[in-house]
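Geometric and topological summary
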Amino acid sequence: MAKVQFGLRSVYISKITETTDPQTGEVTISYGTPFALPGAVNLSLSPEGDENIFYADDTNYYTVSTNAGYSGTLEIAMITDKFATDILGYIKDQNELLAESKDVQPASFAMMFEVQSDAKARRYCLYNVKPGRAEVNANTIEESAEVQTATLDITAAAAKDTGYVKVSTTESTPDTAYNQWFTAVPTVTP
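Residues numbered from 1 in each chain as written. Predicted model: local features only at pLDDT ≥ 70, side-chain atom pairs only at ≥ 80, totals over all residues. Heavy atoms only, no water.

The next subject is the overall build of the chain. Scanning the chain from terminus to terminus reveals 2 helices and 13 strands. Taken along its principal axes, the extent of the C-alpha atoms in the chain is 65 × 50 × 40 Å. Look at the contacts in the chain between residues 6 or more apart in sequence, and 64% of them connect residues 24 or more apart. If you average the places of the 13 positive and of the 25 negative side-chain charges in the chain, the two averages end up 7 Å apart. (Helix = DSSP H or I, 4+ residues; strand = E, 2+ residues; numbered from the N terminus. Contact = heavy atoms within 4.5 Å. Lys, Arg positive; Asp, Glu negative; His and termini not counted. Charge placed at Lys NZ, Arg CZ, Asp CG, Glu CD.)

Written as structure tokens, this is what we have:
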């Protein structure tokens, strides 16, 4: 049984494509082939939602909680060209220049990652992540060079088709599911 967790690695991104049936209005979600986003430094997520208490008979009669997903930051070594074009919507021109347009909205994606522990590493998937624009940082080299990282504000909401926000492996997850974690977005089968 795991007692502690530490370490973040193996961040994979799977772009979401939404298709709406013009007759029924039903939305179908599909996930692209996951690709690695190397250089994971830090992931910090805070739960979003509310808790409302209804009082009756001079007591807390009923409490309802809402799960609005998570918000936080993802810090990585640097934004890859693939992430910039596939997710952030940058355009790569004929001279291999990356251009950020003011009119492009970032794409939603599923994000899979692994957190180490003193036992078997736990793998996670956030089903509906939306990034903000990446911070740009650079410093002059002084007596020593310090690596500069890229930080993205992200929000993770429920998948529009299933309602699941996240899923993770457990210590008893079968090897077949565990070993295939980063090859496709995992599906929950109750």
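Moving on from the coordinates now.
The subject of this paragraph is the packing of aromatic side chains. Tallied over the full model, the rule gives 4 aromatic pairs. Ring plane angle 25 degrees and centroid distance 4.8 Å describe the contact between Tyr 12 and Phe 182, whose orientation is recorded as stacked. On the criterion of sequence distance, the pair formed by Tyr 12 in strand E1 (residues 5–20) and Phe 182 in the segment after helix H2 (175–179) is long-range, its members being 170 residues apart. Positioned over the ring face of Phe 35 is Lys 82, at 4.9 Å from the centre of the ring. Over the ring of Tyr 178 we find Arg 123; its NZ or CZ atom is 4.1 Å from the centre of that ring. (Phe/Tyr/Trp six-rings, centres within 6.5 Å; stacked < 30°, edge-to-face > 60°. Lys NZ or Arg CZ within 6 Å of the ring centre and 35° of its normal.)

Following the sequence through the fold, Tyr 62 ends up in strand E6 (residues 59–65). For Tyr 62, a relative accessible area of 51% corresponds to the exposed category. Between the C-alpha atoms of Tyr 62 and Asn 52, which are 10 residues apart in sequence, the distance is 8.5 Å. Discounting chain neighbours no more than four positions away, the residues touching Tyr 62 are Asn 52, Ile 53 and Phe 54. (Buried < 20%, exposed > 50% of the residue type's maximum accessible area, 1.4 Å probe, protein only.)

Looking now at unusual backbone geometry. Trans peptide bonds make up the majority, and among non-glycine residues the majority have a negative phi. One non-glycine residue with positive phi stands out, namely Ser 10, at about 55 degrees. Mapping Ser 10 onto the fold places it in strand E1. One non-glycine residue, Asp 58, lies in the positive phi region at around 60 degrees. Asp 58 gets classed as exposed once you look at its relative accessible area, which sits at 87%.

What follows concerns the nonpolar core. Ranked by internal contacts, the top residues of the largest apolar core, which has 23 residues, are Ile 13, Phe 83, Met 111 and Phe 113. The set of elements that each furnish at least two residues to this core consists of E1, strand E7 (70–76), strand E10 (109–117), strand E11 (122–134) and strand E12 (150–157). Leaving out residues up to four positions away in the same chain, Phe 83 has contacts with Ile 13, Phe 35, Leu 37, Leu 88, Phe 109 and Leu 152. (Core = buried A, V, L, I, M, F, W, Y, C linked by side-chain atoms within 4.5 Å.)

This next bit is on empty space enclosed by the protein. Applying the stated criterion across every chain, the model contains 1 cavity of 30 Å³ or more. Considered as a void within the structure, the largest cavity measures approximately 30 Å³ in volume. Breaking the lining of the largest cavity down by element, the ones donating at least two residues are E1, strand E2 (27–31) and E11. Looking at the lining of the largest cavity residue by residue, the class counts come to 5 nonpolar, 1 polar and 2 charged. (1 Å grid on protein atoms, 1.4 Å probe; cavity = no way out; pocket = protein on both sides within 12 Å on 5 of 7 lines; lining within 4 Å. Points joined across faces, edges and corners; volume = space filled by probe spheres on them. Nonpolar A, V, L, I, M, F, W, Y, C, P; charged D, E, K, R; others polar.)

Moving on: a nonpolar patch on the surface. A surface patch of nonpolar side chains, amounting to about 440 Å² of accessible area, comprises Phe 54, Tyr 61, Tyr 62 and Val 64. Top element by residues in the nonpolar patch is E6. It accounts for 3 residues. (Patch = residues over 30% accessible without salt bridge, like charges linked within 9 Å, V, L, I, M, F, W, Y side chains within 5 Å. Areas by Shrake-Rupley, 256 points an atom, 1.4 Å probe, with all protein chains shown as cover. Salt bridge = Lys/Arg side-chain N within 4 Å of Asp/Glu carboxyl O.)

Now for the environment of Phe 113. Positionally, Phe 113 belongs in strand E10. For Phe 113 and Leu 126, which are 13 residues apart along the polypeptide, the C-alpha to C-alpha distance reads 8.8 Å.

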